[in-house]
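Remarks on the overall topology
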Amino acid sequence: MAFIKAISYYLPEQVLTNEDLVKEFPEWSVEKVAAKVGVNSRHLSSECETAGDLAEKAARKLFEEYSIDPKSIDFVLLCTQSPDYVLPSTACVLQHKLGIPKTAGAFDYNLGCSGCVYGMAVAKGLIAANIAKNILLLTAETYTKYLHPQDKSNRSIFGDGAAACLISTDGFAEIGEFDLGTDGSGAESLILKTGAAREKMPNGKESVDEEGHVRRDDYLYMNGSEVFNFTLDIVPPMMQNVLSRNNLGLDSVGYFVFHQANKFMLSTIRKVCGLPKDEFYSNLENTGNTVSSTVLIGLKDCLDKGLIKTGMNVMVAGFGVGLSWGGTILRF
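For the structure given in this document, a descriptive report is provided here. Sequence order as written defines residue numbering, which begins from 1 separately in each chain. The predicted nature of this model means local features are confined to residues of pLDDT at least 70 and side-chain atom pairs, given and counted, to a pLDDT of 80 or more, with totals for whole chains, interfaces and linings taken over all residues. The side-chain values count all of the structure's non-hydrogen atoms but skip hydrogen atoms and water molecules.

With respect to the overall build of the protein
Helix and strand definitions here come from DSSP, where helices need a minimum of 4 consecutive H or I residues and strands a minimum of 2 consecutive E residues; each element is numbered from the N-terminal end. Regarding its fold elements, the protein presents nine helices and 15 strands. Both definitions apply: the radius of gyration is a C-alpha atom measure, and the globule rule equals 2.2 Å times residues to the power 0.38. Scaling as 2.2 N^0.38, a compact globule of 332 residues should have a C-alpha radius of gyration of about 20 Å, and the protein matches this with 19 Å. Across its three principal directions, the C-alpha atoms of the protein cover 50 × 45 × 35 Å. By the burial criterion, 55% of the 332 residues in the protein qualify as buried. When the accessible area of the protein is evaluated, it comes to approximately 14300 Å², of which 52% is carbon and sulfur surface. Two residue types count as positive, namely Lys and Arg, and two as negative, namely Asp and Glu; His and chain ends fall outside the count. Charge placement uses NZ in Lys and CZ in Arg. For Asp and Glu, CG and CD serve respectively. If you average the places of the 31 positive and of the 40 negative side-chain charges in the protein, the two averages end up 2 Å apart. To sort residues, take the accessible area from a 1.4 Å probe on protein chains only and compare it with the maximum for the residue type: under 20% means buried, over 50% means exposed, and anything in between is partly exposed. Accessible areas in this description were obtained via Shrake-Rupley with a 1.4 Å probe; residue shielding takes into account the shown protein chains only.

As structure tokens, then:
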């Protein structure tokens, strides 16, 4: 069995408020931004601050908060789509910086909104195969570096941040069975085209999508309606699969912590799935969408506020870029 033993997170010091955004986009109002996406402020990494830096700070916070000895870690997983280098893996660099033994395995994996849940699945597999006993799962993203200055929609949604989680053979939340899935046909709905092997060099290409949004190949592009429709299609069956694989009924789940995409999407998902408002986590106000870190930040927030209690079954889920999704049950 695999358990969550500790959770912490770190947010960069620089903050972008709705008031700051409205100064750049006077056609908007502070109230409109808050109502549209549910975000009042979001944290931005500094020019010289990387996802690796954020992950390091989240890990150090975890070690301090839970009195964890880095020498006890025998595997490092880092979920990021903004690594420090093309190579080596940022996880390898963090192994050295954090004082984790050289006998530990370490690698990055490139996944976004569902990445936290995928990491839990990989960590559980490592424990089941007797490959590792104490896995440091890190999620870190600096999406704001990928956003065009005039992309007011995405700039209002995304924030930077990192989270750290220790998954071990004992802890306060047992990790259940998973439902994972992928639909690569939707890859272009959320994409940054240039910078990797397919299109190495910036090309400056611009086009306009069917929603009237300017699409720039050198910056992150999101087709909001396509991602929204994808989410509404996959979340209900994913929930049913998670319940079935964990031999639970919907009324046996006490709380739901889903990827914090935006306020409207979360509200629609909750209504479509018939979930009680007081059992459904929604809090993007001061973080925005931190991509792979939203689920761990949400879990930590719920624990700190006493919303999740011992004996409770909690469903966690992520969905988005890939396109991909993943869900599981945590038994506290």
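So that's the structure; there's more coming.
Observations regarding the sheet that holds strand 1 (residues 3-10)
Each pair of strands is called paired provided DSSP finds at least two bridges between the two strands. Here nine strands make up an open sheet; going across it, the order is 5-4-6-7-1-8-15-14-13 and the pairing mixed. The open sheet has two edge strands with one neighbour each: strand 5 (105-109) and strand 13 (255-258). With direction set aside, neighbouring strand axes in the sheet form an average angle of 25°. Here seven bridges tie strand 8 (residues 173-182) to strand 15 (residues 324-331), and the two strands are oriented antiparallel to one another. Each residue of the ladder has a partner; that of Leu 180, found in strand 15, is Gly 326. For helices, the fitted axis covers only the stretch in contact; all axes are lines through C-alpha atoms, and the angles between them, taken along N-to-C directions, range from 0 to 180 degrees.

What about the nonpolar core?
Core analysis: the biggest nonpolar cluster contains 41 residues, and Val 235, Met 239, Phe 258, Met 315 and Phe 319 have the highest contact counts within it. Put simply, the parts of the chain that give this core at least two residues each are helix 2 (30-37), helix 7 (224-245), strand 13, helix 8 (263-273), strand 14 (313-320) and strand 15. Among the elements that make up this core, the one with the highest residue count is helix 7 (nine residues). Not counting residues up to four positions away in its chain, the partners in contact with Met 239 are Leu 250, Phe 256, Phe 258, Cys 273, Leu 275 and Met 315. We call a set of buried residues a nonpolar core when its members are Ala, Val, Leu, Ile, Met, Phe, Trp, Tyr or Cys and they connect through side-chain atoms within 4.5 Å of each other. Of all hydrophobic cores here, the second largest spans 37 residues; its members include Leu 111, Val 117, Val 295 and Leu 296. Here, residues are in contact when the closest pair of their heavy atoms is within 4.5 Å.

Regarding the pairing of strand 8
Pairing of strand 1 with strand 8, which is carried by two bridges, proceeds in the antiparallel orientation. Looking at strand 8, one finds that Phe 3 is bridged to Glu 174.

Details of the side chain of Arg 216
Within the secondary structure, Arg 216 sits in strand 11 (residues 214-216). Pairs of N or O atoms are called polar contacts if they sit within 3.5 Å, as long as, within protein, a hydrogen donor faces a hydrogen acceptor (for residues adjacent in sequence, only side-chain-to-side-chain pairs). A polar atom in the side chain of Arg 216 sits 3.4 Å from the side chain of His 148. Of note is the side chain of Arg 216, whose polar atom sits 3.3 Å from the side chain of Glu 206. If we ignore the near neighbours within four places in the chain, the residues touching Arg 216 are His 148, Gln 150, Lys 205 and Glu 206.

Things to note about the packing of aromatic side chains
Ring pairs are drawn from Phe, Tyr and Trp, using the six-membered ring of Trp, whenever the two centres fall within 6.5 Å, and their geometry is named by plane angle: stacked under 30 degrees, edge-to-face over 60, tilted for the rest. Counting across every chain of the model gives ten aromatic pairs. Look at Tyr 143 and Phe 158: their rings are 5.2 Å apart centre to centre, the planes differ by 50°, and that puts the pair in the tilted class. Residue Tyr 143 is found in the loop between strand 6 (134-141) and helix 6 (152-157), and its partner Phe 158 is found in the loop between helix 6 and strand 7 (161-168); the two are separated by 15 residues along the sequence. Ring geometry for Phe 172 and Phe 332: centres 6.1 Å apart, planes at 20°, overall stacked. Of the two residues, Phe 172 is situated in the loop between strand 7 and strand 8 and Phe 332 in the segment after strand 15; the sequence distance between them amounts to 160 residues. Clustering of aromatic rings is evident, with ring pairs tying together Phe 256, Phe 258, Phe 280 and Phe 319. When the ring centre of Tyr 9 is taken as origin, the NZ or CZ atom of Lys 61, which lies over that ring, is 5.3 Å away. The rule is short: NZ of Lys or CZ of Arg within 6 Å of the ring centre and within 35 degrees of the ring normal puts a charge over the ring.

Looking at the packing of helix 7 against helix 8
For the pair helix 7 and helix 8, interaxial distance at closest approach is 10 Å and the crossing angle is 40°. At the point where helix 7 passes helix 8, the crossing takes the right-handed sense. Taking contact as the criterion, the partners of Val 227, Phe 228, Thr 231, Leu 232, Val 235, Pro 236 and Met 239 in helix 7 are, on helix 8, Phe 264, Met 265, Thr 268, Ile 269, Val 272 and Cys 273. Note on residue categories: nonpolar means Ala, Val, Leu, Ile, Met, Phe, Trp, Tyr, Cys or Pro, charged means Asp, Glu, Lys or Arg, and polar means any other residue, Gly included. Of the residues that constitute the contact of helix 7 with helix 8, the class distribution is eleven nonpolar, two polar and no charged. Take the far helix as your reference; a near helix turned counterclockwise from it by less than a right angle gives a left-handed crossing, and one turned clockwise gives a right-handed crossing.

Overview of the pairing of strand 14
Strand residues, when the strand is regular, have side chains that alternate between the two faces of the sheet. Strand 14 sits mainly inside the fold: eight of its eight residues count as buried. The alternating pattern of strand 14 places Asn 313, Met 315, Ala 317 and Phe 319 and Val 314, Val 316, Gly 318 and Gly 320 on opposite faces, both of which are buried. Bridge count between strand 13 and strand 14: four bridges; the pairing is parallel. Following the sheet pairing, Phe 258 is matched in strand 14 by Ala 317. For strand 14 and strand 15, the ladder comprises eight bridges, and the chain directions are antiparallel.

Structural notes on helix 8
Three- or four-residue spacings in an α-helix give side chains the same orientation, since the helix completes a turn every 3.6 residues. Looking at helix 8, one finds that the buried residues are Met 265, Leu 266, Thr 268, Ile 269, Arg 270 and Cys 273. Gly 274, located one to two residues past helix 8, shows a positive phi value of around 65°.

What about the pattern of salt bridges?
Here a salt bridge means any side-chain nitrogen of Lys or Arg lying within 4 Å of a carboxyl oxygen belonging to Asp or Glu. Under the definition given, this model contains twelve salt bridges. Between Lys 152 and Glu 27 there is a salt bridge whose closest N-O contact spans 3.0 Å. Taken together, the residues span a long stretch of sequence, with Lys 152 in helix 6 and Glu 27 in the loop between helix 1 (18-24) and helix 2 at a distance of 125 residues. The class for Lys 152 is partly exposed, based on a relative accessible area of 24%. A salt bridge links Glu 177 to Lys 124, with the shortest nitrogen-to-oxygen separation between them at 3.2 Å. Of this pair, Glu 177 sits in strand 8 while Lys 124 sits in helix 5 (residues 115-128), placing them 53 residues apart in sequence.

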